[in-house]
Amino acid sequence: MQASTETVFLYPPTPLSARCYSHAKVETDEEFDARWVTYFSKPDIDAWELKKGMNTLIGYDLVPEPKILDSALRACRRLNDLASAIRILEAVKDKSGPHKDIYPYLIQELQPTLTELGISTPEDLGMDIL
Amino acid sequence: MSLAKPAMRGLLGKRLRFHLPIAFALSLVAAAAFKYGVTEPRKQAYADFYKQYDTTKEFNNMREAGVFESVRPTGK
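Residues numbered from 1 in each chain as written. Chains lettered and ligands numbered in written order. Predicted model: local features only at pLDDT ≥ 70, side-chain atom pairs only at ≥ 80, totals over all residues. Heavy atoms only, no water.

- Labelled according to an unreviewed UniProt entry, chain B appears under the name Cytochrome c oxidase subunit 6C, originating from Hucho hucho.
- As stated in UniProt under Subcellular location (unreviewed entry), the record for chain B gives "Mitochondrion inner membrane".
- The UniProt entry for chain B carries this comment under Pathway (unreviewed entry): "Energy metabolism; oxidative phosphorylation." (UniProt positions renumbered as here; feature names shortened; annotations may be inferred.)

- By the naming in an unreviewed UniProt entry, chain A is Cytochrome c oxidase subunit 5A, mitochondrial, taken from Hucho hucho.
- Under the UniProt heading Sequence similarities (unreviewed entry), the entry covering chain A gives this text: "Belongs to the cytochrome c oxidase subunit 5A family."

What follows is the structure, given as structure tokens:
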């Protein structure tokens, strides 16, 4: 799917000339992802920015790409915040809603990062059962 | 065996595009059903009742029953 996150009702994406309203330039999915990877890659990111970034990201109609999550997990590492790292995993699982195939895919893609940074998944900790 | 990348964007939008028109349609059906199942029969029942209603006769019945203050029953 290539619909941008800010224009939920336009699918497939129509060229600017065919849109009914705003002349704002629409960001591609790649630009969106790159922007967020950069946001979390800030070397001296602070705890507030991490939390704000994650909350904003979770507000969008999408499940973040593995590369964005990787960047966010590394930001948690820089901030010595293991709790937030695990919380991020819980959040994306919840964000997937009824689509049960998304979370296993994300864990698969993030496994190298999780191993490198020593982050346990909620499942490892038995925190996934209510 | 590695998992294929699933769709991860616009999932809510897709769901709404599917369910909202159905929701609107069902709401309209519910409203129409109530209108033609309840309110119209009710209005018709009132209309039928009052079509043959003799106001004078009913007034005199009520008068004799003594429910009015402004007129007493006849013969008193």
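There is more to say after this.
### A closer look at the confidence of the model for chain B
At step 1: Residues of chain B with pLDDT of at least 70 account for 99%, and the chain-wide mean is 95.
At step 2: Of the two predicted TM-score estimates for the complex, the pTM is 0.76 and the ipTM is 0.74. (pLDDT = per-residue confidence, 0-100.)

### Description of helix α1 (residues 29-41) of chain A
Think of an α-helix as turning once every 3.6 residues; residues three or four places apart then point the same way.
All names here are of chain A.
At step 1: Across its 13 residues, α1 extends 18 Å between first and last C-alpha, which sits within 8% of the 18 Å expected from 1.5 Å per residue.
At step 2: Among the residues making up α1, those that are buried are Asp-29, Phe-32, Asp-33, Trp-36 and Phe-40. Axial view of α1: buried residues confined to an arc of 95 degrees, hence all on one face. Away from its buried face by more than 90 degrees, α1 exposes Glu-30 and Thr-38. (Helix = DSSP H or I, 4+ residues; strand = E, 2+ residues; numbered from the N terminus. Expected span 1.5 Å × (residues − 1). Buried < 20%, exposed > 50% of the residue type's maximum accessible area, 1.4 Å probe, protein only. Arc of directions from axis to C-beta.)

### Description of the nonpolar core
All names here are of chain A.
At step 1: Of all hydrophobic cores here, the largest spans 32 residues; its most connected members are Phe-40, Leu-57, Leu-73, Leu-106 and Ile-119.
At step 2: Those elements that provide at least two residues to this core are α1, α2 (47-58), α3 (66-78), α4 (82-95) and α5 (102-117).
At step 3: For Ile-119, the contacting residues outside a window of four places in its chain are Leu-73, Leu-82, Ala-85, Ile-86, Leu-89 and Leu-114. (Core = buried A, V, L, I, M, F, W, Y, C linked by side-chain atoms within 4.5 Å. Contact = heavy atoms within 4.5 Å.)

### Observations regarding the interface of chain B and chain A
Size of an interface: often given as the accessible area lost when the parts come together.
At step 1: Of the residues lining the interface, 15 residues belong to chain B; the matching set on chain A comes to 20 residues.
At step 2: A combined buried area of about 1,700 Å² lies between chain B and chain A, and 59% of that area is made up of carbon and sulfur atoms.
At step 3: Our count for the contact surface shared by chain B and chain A stands at 4 salt bridges.
At step 4: A salt bridge links Asp-29 of chain A to Arg-9 of chain B; the nearest nitrogen and oxygen atoms lie 3.5 Å apart.
At step 5: Put simply, chain B and chain A have 9 residue pairs in polar contact (both at pLDDT 80 or more) between them.
At step 6: Per-class residue counts for the side of chain B that touches chain A are 8 nonpolar, 3 polar and 4 charged. (Buried area = accessible area lost by both parts, 1.4 Å probe. Salt bridge = Lys/Arg side-chain N within 4 Å of Asp/Glu carboxyl O. Polar contact = N/O pair within 3.5 Å; in protein donor to acceptor, adjacent residues only side chain to side chain. Nonpolar A, V, L, I, M, F, W, Y, C, P; charged D, E, K, R; others polar.)

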